[in-house]
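Coordinates in review
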Amino acid sequence: MALCVLPASKCGSHYQFYKTRIIQQTTRKSAMIIRMTASSGGGAGGQLASYEEGELERPNWTGQTPLSRLVGALISFKPLYSVLKLGARQVLISTAEKTNVPWREMTKEILESDVYKEMESIENPSIVYPDYYLSPFHAYDEGNLSWLAAAEAEAATMSMVRRAIPDASSLDEANEIVRGNWLNAIEKHHQQYSGNLEIKDILDIGCSVGVSTRFLADKFPSAKLTGLDLSPYFLAVAIYKEKINPQKSNSFEWIHANGENTGLDSQSFDIVSISYVLHECPARATVNLAKEAFRLLRPGGTFVVTDNSPKSKKLQQLSPVLFTLMKSTEPFLDEYYLLDLEKTVKDAGFVNVQTILTDPRHRTLTATAPY
C-alpha cells in the first residue's frame with residue numbers, strides 16, 4: 001500500500017519544506033501559550049497527573065483565536081493541505097507500527113478478503129448522505145465512503161488508544177484504561193440513575209467497523225447489540241469480522257442509517273452510545289443526534305458519549321505540528337470544541353448529565369432519559 005500521495009521526487013522535499021514552515025510560523029505565535037500550559041505540570045508524572053484538566057476551556061488552536069486562524073490559513077493553502085494530509089496519515093501509521101499494531105498487515109487482510117460480498121446485504125440504497133458526511137476527512141478524499149478507510153479503521157482505532165496511553169506496555173493495557181473507564185462510567189451511571197432498568201438493548205450510533213460495539217457486548221453479555229453507521233463499507237467490515245470471530249453470547253444487528261434520523265422505534269433501547277463520532281460532525285448534527293438518542297431511549301435509559309475532551313491537558317499541550325496535522329483531517333473540529341455538549345444534551349431533554357475525563361485525552365458524558 002503506497003503511503004505517499006505525491007510523486008516520489010517531490011514528496012520528501014515538499015513535506016520537509018512545509019513541515020519546517022509550519023513549525024516556524026506556528027511556534028512563534030504559540031510559544032507563549034505552549035509555555036503557559038506546560039508550566040502547569042503533568043505529562044510524565046503518571047496516570048493520575050495525566051488526567052488533570054488543563055487551565056483552558058478548550059485548546060488555543062481551536063475556535064477564533066489568532067493561533068486557530070493561523071492554522072486555518074495554513075490548511076486552506078491547497079499544496080500544503082495535501083502534504084498535511086500525508087503527514088497526519090504517517091503519524092497514525094507510525095504510531096501504530098511503533099507500538100506493535102500491524103497497520104499494513106491488518107489493512108491487507110481486509111482488502112484481500114471476501115468482505116466485499118457483505119456490501120449487498122447491508123447497504124440501504126435509499127440513504128441520502130448529509131452534505132457534511134461527503135467532506136474529505138481522516139486523510140481520505142471520500143471520507144468514510146471507501147474500502148481503504150474501512151480496511152484501516154480498526155488499526156486507526158488501536159493507534160488512537162495507544163496515543164492516549166503512551167506509557168502502556170501493551171494495547172490490552174491501554175484498552176483497560178481507555179475502554180475500561182468508558183464502560184465503567186456507563187455501568188456506574190446506569191446503576192445510579194436508571195431505576196433498575198434492565199439492559200436488554202444497546203444501540204451503538206456511528207459504530208464504524210464494530211470495535212466499540214464488541215466492547216459493549218463484552219461488558220453487557222446479555223444485551224442485544226445494534227450497530228448503526230452511515231458507511232456501508234464500515235458495516236461490511238463489521239459483519240465480516242463478526243462472522244470470522246463471533247461473540248459467544250450477544251446477538252448483533254447492523255443497520256445502514258443516519259444517526260440523526262434512524263427510523264428505529266421510539267423508546268426501544270436501554271443504552272444509546274456514541275463513541276469518537278461527534279468531533280467529526282458539525283454542531284447541527286450533534287444537536288440532532290442528541291435529540292434522536294432521547295427519542296430512542298426507554299425512560300431511565302442511559303445516553304453516553306465519549307470523545308476528545310476540550311479540557312484535556314494533553315490536547316491543550318499538543319505541539320504546533322501535531323495540532324496542525326490533526327485539524328487538517330478534521331474539518332469540523334472547531335465546531336466540536338466550541339459546542340457546549342452538556343447544554344446540548346440537557347436541551348434535548350436529558351437529566352443527570354455528568355462528564356468526566358476517562359483517560360488523558362477523552363471525556364465520557366453520561367445522561368439519563370427521565371421517567
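Residues numbered from 1 in each chain as written. Predicted model: local features only at pLDDT ≥ 70, side-chain atom pairs only at ≥ 80, totals over all residues. Heavy atoms only, no water.

In the nomenclature of an unreviewed UniProt entry, the protein chain corresponds to Methyltransferase type 11 domain-containing protein from the organism Lactuca virosa.

A short note on the environment of F220
Along the chain, F220 turns up in the loop between α9 (211–219) and β2 (224–229). For F220, a relative accessible area of 8% translates into the label buried. As a C-alpha pair, F220 and K200 span 20 residues in sequence and 8.7 Å in three-dimensional space. (Helix = DSSP H or I, 4+ residues; strand = E, 2+ residues; numbered from the N terminus. Buried < 20%, exposed > 50% of the residue type's maximum accessible area, 1.4 Å probe, protein only.)

Describing the packing of helix α3 (residues 66–76) against helix α13 (residues 320–328)
Packing of α3 against α13 brings their axes to within 10 Å, and their N-to-C directions diverge by 60 degrees. The orientation of α3 with respect to α13, classified from their angle, is oblique. In this structure, α3 meets α13 at a crossing whose hand is right-handed. Residue-level contacts link L67, S68, V71 and I75 of α3 to F323, T324, K327 and S328 of α13. A class-by-class count of the residues in the contact of α3 with α13 yields four nonpolar, three polar and one charged. (Axes fitted to C-alpha atoms, helices over the stretch in contact; angles between N-to-C directions. Parallel < 35°, antiparallel > 145°, perpendicular 65-115°, else oblique. Left-handed = near helix turned anticlockwise from the far one by under 90°. Contact = heavy atoms within 4.5 Å. Nonpolar A, V, L, I, M, F, W, Y, C, P; charged D, E, K, R; others polar.)

Section: the pattern of salt bridges
Tallied over the entire structure, the rule returns 16 salt bridges. Of the charged contacts in the structure, one is a salt bridge between R298 and D201, with a shortest N-O distance of 3.1 Å. One end of the pair, R298, is in strand β5 (residues 297–308); the other, D201, is in strand β1 (residues 201–205), and 97 residues separate them in sequence. For D201, a relative accessible area of 18% puts it in the buried group. Between D347 and K343 there is a salt bridge whose closest N-O contact spans 2.8 Å. (Salt bridge = Lys/Arg side-chain N within 4 Å of Asp/Glu carboxyl O.)

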